[in-house]
Amino acid sequence: MTMAPLRIGFAGANAERGWAKDAHLGAISAVPDLIVQAVSARTQEIADGAKALFGAASAYDDSLALARDTQVDIVAVTVKVPEHRAIVLAAIAAGKHVYCEWPLGRDLAEAQEMADAARAAGVHVCIGLQGGNSWAVRHAAQLVQGGAVGRPLSLRVVSPTGGWGAESPPNYAYLQDKSNGATLSTIAGGHTLSAIEAVIGAFTEVTARASILLDSMTLMGSEETVIRTCADHLLTFGKHDSGCISSLEVVGGVTDVPFQFELRGSKGSLSITGGHPGGYQAGTLTVTTNPPSPRQPEQVATGIGTQSVNVAELWARFASDVRSGTRTVPDFDRAVRLTRLLDAIDASSENGSTVSLGGQ
């Protein structure tokens, strides 16, 4: 017997721009078990435009109303980070499963509140760490765990992003304010840190330097400037429970340097490379080893845009979890642990100290 597709409601859909349009729409089209049932936006006009593009049955100018729609099985939260909490909690209260973009909340308290609510309700939740859970990163983790490079010794990562440079589109102005929770450290840094931990294990201690190299940026198409209160450059040095040591440089405003993930082991080496200007998590990745590893597994989705590839992989696994009752995707508890790591990085940078994470 064929089961009806799982019905998704997108909070934060827009026919003109946005991550839901650029990444999720293509991803959903590549996963047969999913359909878009409803969309919401800040105005009814924008919602109606998104309804037409996404092929939805319903459109709302209120995301809380979407969260209560009885025809929606999964609420996908793709609005700005300060708006996550209210929609996520409303969806959980309505008994919905939830896919929420990373970062989960503006701070640890918000993330913990949402994780506690999801756990108490027993619903399935997924945090959008698609890069750290892409087919390439999971394949690299399996190779390392299988001894392909021997004992992991040292890892060097350079993670560039075109964001947080000298200028940005007007809708990215809020990313410059650290209090909004959507920063270079949390977005580009958080995604990359999740990949590092997936391959070589959890951080046990970290030393960091978060710097503001350009204290303002210009809005594209105007002469208006916005003061930057979040870091646009991040350095971390870590030790992991595997015994491996790592260095990470997250560089803002850079589009001509590829993503570099270079692991040295006692018996060989492994690298992950990518080149998407929006950050490694937004594009296709390549894994190579020396000595060469067996053939890489096939991706779940092919023939779709590069920004959709890793998102499609995560949606496919999430849909399978909802159907079967398994819990394989990164959930809100994972988001809480990553938020704690980012808080430790902030503390290290502010105090000039090494912070222990042994209790995570």
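Rules and cut-offs
- Residues numbered from 1 in each chain as written.
- Predicted model: local features only at pLDDT ≥ 70, side-chain atom pairs only at ≥ 80, totals over all residues.
- Heavy atoms only, no water.
- 1 Å grid on protein atoms, 1.4 Å probe; cavity = no way out; pocket = protein on both sides within 12 Å on 5 of 7 lines; lining within 4 Å.
- Points joined across faces, edges and corners; volume = space filled by probe spheres on them.
- Helix = DSSP H or I, 4+ residues; strand = E, 2+ residues; numbered from the N terminus.
- Buried < 20%, exposed > 50% of the residue type's maximum accessible area, 1.4 Å probe, protein only.
- Contact = heavy atoms within 4.5 Å.
- Axes fitted to C-alpha atoms, helices over the stretch in contact; angles between N-to-C directions.
- Parallel < 35°, antiparallel > 145°, perpendicular 65-115°, else oblique.
- Left-handed = near helix turned anticlockwise from the far one by under 90°.
- Nonpolar A, V, L, I, M, F, W, Y, C, P; charged D, E, K, R; others polar.
- Pairing = 2+ DSSP bridges.
- Phe/Tyr/Trp six-rings, centres within 6.5 Å; stacked < 30°, edge-to-face > 60°.

Q: What am I meant to see in the layout of surface pockets here?
A: Here the idea is plain: a probe the size of a water molecule rolls over the atoms and shows the empty space left. Roughly 1400 Å³ of volume is contained in the largest pocket. Lining the largest pocket are 47 residues, and of these G18, W19, N171, Y172 and Y174 sit closest to its centre. Secondary-structure elements contributing two or more residues to the lining of the largest pocket are α1 (19–29), α4 (84–93), β8 (167–168) and α7 (185–200). For the lining of the largest pocket, the leading source of residues is α7, giving three residues.

Q: In this structure, what is going on with the environment of P277? I would like to understand it.
A: In this structure, P277 sits in the loop between β15 (269–274) and β16 (285–290). According to the relative accessible area criterion, P277 is partly exposed, its value standing at 42%. Once residues lying within four places of it in the same chain are set aside, the contact partners of P277 are T161, G162 and T255.

Q: What is the right way to read the packing of helix α5 (residues 108–121) against helix α9 (residues 332–351) from this model?
A: What describes two packed helices is the angle between their axes and the distance between those same axes. Two numbers describe how α5 lies on α9: the axes approach to 8 Å, and their chain directions differ by 165 degrees. Relative to α9, α5 is oriented roughly antiparallel. In the crossing of α5 with α9, the sense of the turn from one axis to the other is left-handed. Residues L108, A111, Q112, M114, A115, A118 and R119 of α5 pack against F332, D333, V336, T339, R340 and D343 of α9. Looking at the contact of α5 with α9 residue by residue, the classes come out as seven nonpolar, two polar and four charged.

Q: Would you mind going over the pairing of strand β13 (residues 245–252) with me for this structure?
A: It is a general feature of regular strands that their side chains alternate between the two faces of the sheet. The sheet contact formed by strand β7 (residues 152–161) and β13 spans eight bridges and is parallel. When the bridges of β13 are listed, V158 appears paired with E249. One ladder, built from seven bridges, connects strand β12 (residues 233–240) with β13; its direction is antiparallel. From the neighbouring strand, F237 faces β13, where its bridge partner is S247. Counting the residues in the hairpin turn of β12 and β13 gives four residues, including G243, whose phi is positive at 95 degrees.

Q: Explain the pairing of β7 to me, please; I cannot follow it from the model alone.
A: Of all ten residues in β7, seven are buried; the element is thus mostly enclosed. For β7 and strand β14 (residues 259–265), the ladder comprises six bridges, and the chain directions are antiparallel. Paired with V158 across the two strands is Q260, which belongs to β14.

Q: What is the right way to look at unusual backbone geometry in this model?
A: Note: most peptide bonds trans; most residues except glycine with negative phi. Here W102 and P103 are connected by a cis peptide whose omega angle stands at 0 degrees. Along the polypeptide, P103 turns up in the loop between β5 (97–101) and α5. Residue P291 follows N290 across a cis peptide bond; omega there is 5 degrees. The topology assignment puts P291 in the loop between β16 and α8 (306–324).

Q: Even after reading the chapter, I still don't get the packing of aromatic side chains, so can you show me in this structure?
A: Geometrically, a pair of aromatic rings is defined through the distance of the ring centres and the angle of the planes. Tallying each qualifying case throughout the model produces seven aromatic pairs. With a centroid separation of 4.5 Å and 20 degrees between ring planes, the pair formed by Y99 and W315 is classed as stacked. Taken together, the residues span a long stretch of sequence, with Y99 in strand β5 and W315 in helix α8 at a distance of 216 residues. On the accessibility criterion, Y99 (0% relative accessible area) is buried.

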